[in-house]
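A closer look at the structure
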Amino acid sequence: MPFVPPTADDLAPRILPGDDPATIDEAAARLRAGEAVAFPTETVYGLGANALDPVAVARVFEVKGRPSFDPLIVHVAAAGAIDALVVPEDAADPRVATLQRAFWPGPLTLVLRKRAVIPGIVTAGLDTVAVRMPDHPVALALIRAAGTPIAAPSANPFGRVSPTRAEHVARQLGDRVGLIVDGGPCRVGVESTVLLLAEGRAALLRPGGLSLEALESEIGAIEIPAEREARSLSPGRAGSHYAPRPPIVLAAPHEPVQSRPGERLGLLAASDAASTLAQRLGGPFTAVEVLAADGDPVVSAANLFDALHRLDEAGVDRIIAQPVAEAGLGRAVMDRLRRAAATIRQ
């Protein structure tokens, strides 16, 4: 039989509805067979594999082009599942139960000392493991059906914008992932907050979809470690990260920014008022995205990655991003913008 070259449809990833039990059954079977599957959570879409299978987890690194020194988050479907994954002393820490009752399922990742059952590739050789229980019915159904915890970073090439819709995954990963489980747009829209609780500490390793204030209201003061330590212990802390193709420049609304000859300039505005001011003082802007009309940090966090995707797709040459207030989820937004801006090319 003569060779027939594959068509674009042959190479396109399959996107199946997450509310169909047949989709969950197929995705779970693929995970048990050692494959990687993209699936939704309330924060962003993840690229998951059986967390207890080091070869399967290695495929996730291969698909993403993710550095092996960056640990992954292990997703579970029940709070009690951590007992099999972390050392008894950390699992019995009363702060763990307090935070689980308050925020699980939800955008909170706990970093605790791991048991030997967790492969070193999941934790980048660290003696701690990051664990969370996602607040999405499709994710929870998939974990239960697979019968194993799922190790998953965001479902995008390493360093690129995190996906908050199934089509984002398909566009960025293409035929590198065989199945994308579609659970609709992500409700939170930024990654989980990562909190270290190992050996009695309480340290914020990554701001995210749950505010520092909310955590401290439950367990008291939380330390903010130096950037180098936080990056060494937490998933998703590479200095250059969350970046679209065009370089990002952080600039306040009152800082005039002019487009260069022939340049297509994009604006990521913090609010309607800030957008108006920036356009009056600078530009012209080919494309404008407003994170939140009134500057609400929760809305800004939910819209951040979608807005970056749209600016990326608009074909702009450079993105001017306005800072948001660093309170509540504004910390997470600024954390992602600074990392995205770290790829700036002069």
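Residues numbered from 1 in each chain as written. Predicted model: local features only at pLDDT ≥ 70, side-chain atom pairs only at ≥ 80, totals over all residues. Heavy atoms only, no water.

As a further point, take the overall build of the protein. Summing up its helical and strand segments, the protein has 13 helices and 14 strands in all. The C-alpha radius of gyration computed for the protein amounts to 20 Å, which stays within 12% of the reference 20 Å derived for 346 residues, consistent with globular compactness. Counting only residues that meet the buried cut, the protein has 57% of its 346 residues in that class. Contacts in the protein between residues far apart in sequence, at least 24 positions, make up 70% of those at least 6 positions apart. Counting only carbon and sulfur atoms, one obtains 55% of the accessible surface of the protein, whose full area is about 13,700 Å². Counting 34 positive and 40 negative side-chain charges, the protein places the centres of these two groups 4 Å from one another. (Helix = DSSP H or I, 4+ residues; strand = E, 2+ residues; numbered from the N terminus. Rg over C-alpha atoms; globule rule 2.2 N^0.38 Å. Buried < 20%, exposed > 50% of the residue type's maximum accessible area, 1.4 Å probe, protein only. Contact = heavy atoms within 4.5 Å. Areas by Shrake-Rupley, 256 points an atom, 1.4 Å probe, with all protein chains shown as cover. Lys, Arg positive; Asp, Glu negative; His and termini not counted. Charge placed at Lys NZ, Arg CZ, Asp CG, Glu CD.)

What follows deals with the packing of helix α12 (residues 297-313) against helix α13 (residues 330-341). Contact geometry of α12 with α13 gives a least axis separation of 8 Å together with a crossing angle of 30 degrees. Remark: the crossing between α12 and α13 carries left-handed chirality. Along its contact with α12, which presents Pro-297, Ser-300, Ala-301, Leu-304 and Phe-305, the element α13 presents Gly-330, Val-333, Arg-336 and Leu-337. (Axes fitted to C-alpha atoms, helices over the stretch in contact; angles between N-to-C directions. Left-handed = near helix turned anticlockwise from the far one by under 90°.)

Okay, unusual backbone geometry next. Glycine aside, residues mostly have negative phi angles, and peptide bonds mostly take the trans form. The omega angle of the peptide bond from Trp-104 to Pro-105 is -5 degrees, so this bond is cis rather than trans. Looking at the secondary structure, you find Pro-105 in the loop between α5 (94-103) and β5 (108-113). Here the amide bond leading from Gly-283 into Pro-284 is cis, since omega sits at 0 degrees, within 30 degrees of zero. By the secondary structure assignment, Pro-284 is in the loop between α11 (272-281) and β13 (287-290). Non-glycine residue Glu-199 carries a positive phi angle of around 55 degrees.

Topologically, Arg-95 is positioned in helix α5. Note on Arg-95: relative accessible area 18%, which makes it buried. What Arg-95 contacts, discounting residues up to four positions off in sequence, is Leu-197, Gly-200, Arg-201, Ala-202 and Ile-219.

The sheet built from four strands is open, its strands ordered β11-β14-β12-β13 with parallel pairing. Because the sheet does not close on itself, it has two edges, and the strands there are β11 (248-250) and β13. Put simply, the sheet's adjacent strands are angled 20 degrees from each other on average, direction ignored. Across four bridges, the pairing between strand β12 (residues 265-269) and β13 is parallel. Paired with Leu-268 across the bridge in β13 is Glu-289. (Pairing = 2+ DSSP bridges.)

This brings us to the side chain of Ser-275. When you line up the elements, Ser-275 lands in helix α11. Excluding residues within four positions of it along the chain, Ser-275 makes contact with Leu-267, Ala-269, Val-288, Val-290 and Gln-322.

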